[in-house]
Every structure is written in C-alpha cells, then in structure tokens.
Amino acid sequence: MENLVFCLNATIPIFLLMILGLLFKNGGLFDDGFVKTMNSFVFKVALPVLLFRELSTADFLQVWDGRFVAFCFFATMASILLSVGIGCLLPDRSSRGEFAQAAYRSSAALLGIGFITNIYGSAGMAPLMIIGTVPLYNVMAVVILAFMKPDHHKIDGALMKTTLKGIVTNPIIIGVVGGMLWSALSIPQPEILSKTLSYVANLATPMGLMAMGATFDGKQALKKWKPALGCSAMKLVVFCMIFIPLAVKLGFRDSELVSVLVMTGSPTTVSCFVMAKNMGYEGTVSSSAVMVTTFLSAFTLTGWLFLIRSMGLI
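Quantities reported herein were computed from a predicted structural model and do not represent experimental measurements.

Looking at this model, I keep getting lost on the overall build of the chain. Mind explaining?
When its secondary structure is counted, the chain shows 16 helices and zero strands. Within the chain, the proportion of its 314 residues that are buried is 51%. Excluding contacts between residues fewer than 6 apart, the proportion of contacts in the chain whose partners are at least 24 apart in sequence is 85%. For the chain, the exposed area adds up to about 14200 Å²; of that, 69% sits on carbon and sulfur atoms.

In structure tokens:
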C-alpha cells in the first residue's frame, strides 16, 4: 500500500494539472491564443530556466554521466528504428511517416521534468536524458517524415538546414548547455539572481501541464484510432518493456531510472503534429496519438512507477 500511495502522489498531481487545463479551456478561462502563448512561454523561457537553474548550481563533474547519456542516445535510436520498421508494415502508406514519428517521440522535456521534480524535488538526471534524446528526436523526425512520405523520397536541404539550426537554437538545449557551462566554470550565483531564476523556473511545470491539458480534444483522438492505438502501445508499453529492464541490468537507479521511464513511456509530444503538418502530412494520426497517449499515460506511468518502486529500484 505504501508503494501505491507513493506512485499516486507522484503521478496524480501531474495529471490533475492537465485536467485543470482542460476544464479551464472548456470553461472559457483559457482560449486558443492564451494556450498557444502559454506553451510558447514555457518552451522558450520557463523550462530552459528550470534546467539552467538545476545544472548551474550543481557540481558539473558530479552531475555528468557519459554512460547514462550514451544509454539514452542508443535506446532512443533503437526505438526509432523499431518504430520505422513497424510503420513500414502499415497498409496505409500516407500514415507511415506519422506513425513512426509519433511512436518514438516523447514529451520527455515538459512532462518528464514535472514528473521527476514531483518525486525528487529537483530535475535529477532528466537534463542529461534530454541531451541524449532531444537533438536525435528532431533530426530523425525530418529524415523519417521525408523518406516515408508516399510522394517524396528525398530530404530537402533547406528543411534539414532549418532543422539543424532549430536544434542549435533550441531553448531547452541552450538551458542545459548553459547550466552545465556555468557549473563547470564555477561562476558564483548571487542570491538575487538565484531567487529570480527560481520564481521563473517554478512556473514551468504548472503552466506547461495546464497548457498540455488545454490542447486535448477527444473528438480528434477518435480519428484514425487504429494507428493511434498502435503508437500508444509502443510509446507507453513496448519501449518500457525493452529498455527499463536493460537500464536496471546496467545499474541505473533512482532518478536515472525514472528518467529512463519518462524517456520511454511518456506520451507523444505535440511537436509531432506541428512537424507533420509543416511537412505536408494530414496530421490526423499525429494528433490522435498525442491525445490517446496523453490520456492513457496517466495509468501506464503510474503502473510502471509502482512496479519499479515495488522492486526497490527507486
């Protein structure tokens, strides 16, 4: 019972914030413009500041774990290859690219940071997990969507250049790298700056989760539900079954293992829909996968967390 209470305390507040966002949207307190602005603020300001604060105040040599970053990178690459392989089996060629992208691409930064912070009171190893996954997410998304589109089989150079530029200028990556450089150079952080960063960082989780909840559309989730359910099974169950035992075997525990859980079992990111639409796809599979995985992850994440907690791994 103690383990179950621990898991519910870790997961339920996260999803209650998402439900509040949905209720506020349906009640007229949030409109589309406000939700879009809130998402932009969290992505460009609050979340990068949170990651910067966590890393800039930590001991760089103590925080850095190249072995863990490498594991996250190769586990992500394996997930991508498996997603592409299964996506190629779909009879509907127009859905293959969207399926492959939605099956592997997690909302690891936003939901993951909130999830881990709720358990440990800090971002733990999540920033290192982000280094090993987010750049790869973005580069491979362009490759997959370009090659798997029925009427287009080559990557546009301008699009690839724009994507690589987007990775270098990604606010989340800048926050992580900036925080690690600040720590490595042992730059002092005055109390005034520290408190200001804390105030902004504390906005990331509640605002981001409410904005995510406000974008949920049940009707949209019913469109092309079969590939959406396939994405959900891979995103929330299959990858966890493969990589969590492997992480345990390699000796990862506590916030490292929870970071792996977030990397492999968090819902599909909204960015999948945005990128699919920008590259000429219908976007229905992507949006449906986002909706379905977001809803079901309330149960699956709790279940996985309960399992690894019961085994004494966190």
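How do you make sense of the environment of Ser266 when you look at a structure like this?
Within the secondary structure, Ser266 is located in the loop between helix H14 (254–265) and helix H15 (271–278). Ser266 sits 29 residues away from Val237 along the chain, and the two C-alpha atoms are 9.8 Å apart. Among the polar contacts made by the side chain of Ser266, one reaches the main-chain carbonyl oxygen of Val262 at a distance of 2.6 Å.

I would appreciate a short explanation of the packing of helix H2 (residues 32–56) against helix H11 (residues 204–214) in the present structure.
If you want to describe how two helices pack, look at the angle between their axes and the distance between the axes. Two numbers describe how H2 lies on H11: the axes approach to 9 Å, and their chain directions differ by 150°. One element, H2, and the other, H11, form an angle in the roughly antiparallel class. The element H2 and its partner H11 pack so that their crossing is left-handed. Every residue of H11 that contacts H2 at Val35, Met38, Asn39, Phe41, Val42, Ala46, Leu47 and Leu50 is listed here: Ala204, Met207, Gly208, Met210, Ala211 and Ala214. Class assignment for the residues of the contact of H2 with H11 results in twelve nonpolar, two polar and no charged.

Would you mind showing me how to read the pattern of salt bridges here?
Where charged atoms from two side chains of opposite charge come close, those side chains can pair. As enumerated under the stated definition, the model contains two salt bridges in all. In this structure, Lys25 and Asp32 form a salt bridge, with 2.8 Å as the shortest nitrogen-oxygen distance. The class for Asp32 is exposed, based on a relative accessible area of 54%. Lys195 is the partner of Glu191 in a salt bridge, and the nearest nitrogen-oxygen pair spans 3.3 Å. Of the two residues, Glu191 and Lys195 both sit in helix H10 (residues 191–201), four residues apart, roughly one turn of that helix. On the basis of relative accessibility, which here comes to 54%, the residue Glu191 falls in the exposed class. Residue Lys195 is classed as partly exposed on the basis of its relative accessible area of 44%.

Quick notes on the rules
- Residues numbered from 1 in each chain as written.
- Predicted model: local features only at pLDDT ≥ 70, side-chain atom pairs only at ≥ 80, totals over all residues.
- Heavy atoms only, no water.
- Helix = DSSP H or I, 4+ residues; strand = E, 2+ residues; numbered from the N terminus.
- Buried < 20%, exposed > 50% of the residue type's maximum accessible area, 1.4 Å probe, protein only.
- Contact = heavy atoms within 4.5 Å.
- Areas by Shrake-Rupley, 256 points an atom, 1.4 Å probe, with all protein chains shown as cover.
- Polar contact = N/O pair within 3.5 Å; in protein donor to acceptor, adjacent residues only side chain to side chain.
- Axes fitted to C-alpha atoms, helices over the stretch in contact; angles between N-to-C directions.
- Parallel < 35°, antiparallel > 145°, perpendicular 65-115°, else oblique.
- Left-handed = near helix turned anticlockwise from the far one by under 90°.
- Nonpolar A, V, L, I, M, F, W, Y, C, P; charged D, E, K, R; others polar.
- Salt bridge = Lys/Arg side-chain N within 4 Å of Asp/Glu carboxyl O.

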